[in-house]
2 protein chains.
Amino acid sequence: MTDLRLKFSSKCFNGFQKIYSHYSKVTNCEMQFAIYLPLECEQYPLPVLYFLSGLGFDHIDFIEKSGAQKAAAQQSVILVAPDSSPRNTNIPNENGEWNFGIKASYYINATQPPWSNHYKMFSYITEELPKIIDDNFSTLPGERGIMGFSVGGHGAFLSAFKNPCLYRSLSTLAPVCDILKAPHSAHALELYLGPQYDSNWDEWSAINLASCYEGPPLHILIDQGSADKYLKAHLFTKEFMEACEKSGIEIDYNLRDGFGHNYYFIKSFIEDHVAYHARILHRFQMKNSKF
Amino acid sequence: MTDLRLKFSSKCFNGFQKIYSHYSKVTNCEMQFAIYLPLECEQYPLPVLYFLSGLGFDHIDFIEKSGAQKAAAQQSVILVAPDSSPRNTNIPNENGEWNFGIKASYYINATQPPWSNHYKMFSYITEELPKIIDDNFSTLPGERGIMGFSVGGHGAFLSAFKNPCLYRSLSTLAPVCDILKAPHSAHALELYLGPQYDSNWDEWSAINLASCYEGPPLHILIDQGSADKYLKAHLFTKEFMEACEKSGIEIDYNLRDGFGHNYYFIKSFIEDHVAYHARILHRFQMKNSKF
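Predicted model only: the values in this text are computed from it and were never measured.

Cut-offs used in this document
- Residues numbered from 1 in each chain as written.
- Chains lettered and ligands numbered in written order.
- Predicted model: local features only at pLDDT ≥ 70, side-chain atom pairs only at ≥ 80, totals over all residues.
- Heavy atoms only, no water.
- Pairing = 2+ DSSP bridges.
- Helix = DSSP H or I, 4+ residues; strand = E, 2+ residues; numbered from the N terminus.
- Axes fitted to C-alpha atoms, helices over the stretch in contact; angles between N-to-C directions.
- Contact = heavy atoms within 4.5 Å.
- Buried < 20%, exposed > 50% of the residue type's maximum accessible area, 1.4 Å probe, protein only.
- Arc of directions from axis to C-beta.
- Buried area = accessible area lost by both parts, 1.4 Å probe.
- Salt bridge = Lys/Arg side-chain N within 4 Å of Asp/Glu carboxyl O.
- Polar contact = N/O pair within 3.5 Å; in protein donor to acceptor, adjacent residues only side chain to side chain.
- Nonpolar A, V, L, I, M, F, W, Y, C, P; charged D, E, K, R; others polar.

A. Up close: the sheet that holds strand 8 (residues 219-225) of chain B. All names here are of chain B. Read from one edge of the open sheet, 9 strands run 1-2-3-5-4-6-7-8-9, paired in mixed fashion. Each edge of the sheet is formed by a strand with only one pairing partner; in this case those strands are strand 1 (5-11) and strand 9 (250-256). Between one strand axis and the next, the sheet turns through 20° on average, direction left out of account. Where strand 4 (residues 46-52) meets strand 5 (residues 78-82), 3 bridges bridge the pair, whose relative direction is parallel. Paired with V48 across the strands is I78, a residue of strand 5. Lying over the sheet, helix 3 (residues 121-136) contacts strand 2 (15-24), strand 3 (29-38), strand 4, strand 5 and strand 6 (139-149), oriented at roughly 50° with respect to strand 3.

And the structure:
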């Protein structure tokens, strides 16, 4: 069993916000994650909802700025926010630029050294971390949801589309809908996947994955701000929604008037998202009469 | 009229979070403040609630981490968070230590050069800033409340006790109840007020001011965490409450089980505080049928 070290703990609403550190065999370095544990989970297991941060943000930003703990306590959901990349890997320039390296893993598995020695975030998020969480905390097996903001929204799409039975619920806030198309991600993809596009890259395109999705019926909640400066050239929402429509993925899409691409947008709608996941994740639970 | 420069604006819940910069004649330097404007204030004036940050925190921390905007929008209150000190004053060591200088003004008026050239935060908070806010935004004259966290709670006490008619409502979160007694403030007070205590310092002691308070009837809401590491040796809550009792100041005191001295505590109870102020500030308002 993975050895977890508690780095921080503080009561927050009706539960505890904690941060743990552990050695990851997948990313080959020390990793941190934040976990919010409603007091209820001392009595019985609860569903788990994962949040993936956007480019330049991490688990600390999420627990400090989103305000999601209140909804998690009210809705009886454990909330897990992984860090947004490996750190302290000694890869040259790991912390040199905003659009690759630390806080810019894009939640994919790198194939090119030196990045491939550590930047296996997709496997970390979808395999190693869920096992650590289920082994160490009072979780309801299988009752797992995932959400994300911006590039973290793309990470949530990848995680769910490539693992059709891993999550019961999926939502995103201002998602980048395709990192293969988004101009800011080109440099990172060249470093992580190779200098030239080839068809192997397609497994990291949410639009490509959505268009050939064949898993169980899927419904996605998406919120986006109308004043989001990336809306026109970086997010590819229309193309994504067309791909989903073709493969029968249902989307509940809300364009929120005047909101931007930042934590003021996230905090305004995170409660809706936590409640959305909770409704699905608690559907089969008889224990908790609230749902 | 003071020239305000908009530095930031973002929609947040049902209103806009903004940051302005302006030249302050009182602190003799450029100052910033954050203001949250519910959409309603485009139609009619609203009360204003001020928040003073604790040591080492500023207006940016408040608007990013407190989550207070939701309650302000729901309760129809404009929320103003001033910066916690002057900045860029060229005073040597202004940014050198955590317990004096930037983010550690203690909201008093310094008398000792070079600090006295800029560190006039008490006059800024209670005179210059309220005038700027009332001149530039749609505020209800006189409907003004103040709250604060930690040393900012002490600042809120000072502001209200020394100006009995300036605020209609007062509340604090984990307040330092006397900076003259608190060990961490000694060095700053020596720099700001002189190398030795003399009786002039007493005007900056909230316990002293509470004990001789003779203004209109006053009621204070105080929340504090039972796991606050400063509770025993730094906050002086018991002495403060005794002083208030003697002079007829009523206190609604809540000791919150397990909470610490941080933003996880603030975000857990800020909605209660905003609602508390709103009830008092809207009491005389007929316009808004909600109250």
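B. Main features of the sheet that holds strand 4 (residues 46-52) of chain A. All names here are of chain A. Read from one edge to the other, the open sheet built from 9 strands follows the order 1-2-3-5-4-6-7-8-9, with strand pairing classed as mixed. Strands at the two margins of the open sheet, each flanked by one partner only, are strand 1 (5-11) and strand 9 (250-256). Put simply, the sheet's adjacent strands are angled 20° from each other on average, direction ignored. Packed on one face of the sheet, helix 4 (residues 151-161) meets strand 4, strand 6 (139-149), strand 7 (169-173) and strand 8 (219-225) and runs near 140° to strand 6.

C. Quick peek at helix 5 (residues 186-193) of chain B. Residues and elements named next belong to chain B. Among the residues of helix 5, A188, L189, Y192 and L193 are the ones counted as buried. Take helix 5 and look down its axis: the buried residues cluster within an arc of 100°, on one side only. A positive phi of about 125° marks G194, the residue just after helix 5.

D. View of the interface of chain B and chain A. With 20 residues of chain B at the interface, the matching set in chain A holds 21 residues. Interface area, chain B with chain A, both sides summed: about 1,900 Å², of which 50% is carbon and sulfur. Among the residues of chain B in contact with chain A, K11, Y264 and K267 of chain B are the three that bury the most area, contributing 35% of the side total. The shortest N-O distance in the salt bridge between K70 of chain B and E271 of chain A comes to 3.0 Å. Counting the contacts that link chain B with chain A gives 12 residue pairs in polar contact (both at pLDDT 80 or more). Going through the elements one at a time, strand 1, helix 1 (59-65), helix 2 (68-75) and helix 8 (263-281) of chain B are the ones with two or more residues in the side of chain B that touches chain A. Broken down by element, the residue count for the side of chain B that touches chain A peaks at 5 residues, all from helix 8 of chain B. Tallied by class, the residues present in the side of chain B that touches chain A amount to 7 nonpolar, 6 polar and 7 charged.

The analysis is restricted to geometry; functional conclusions fall outside its scope.
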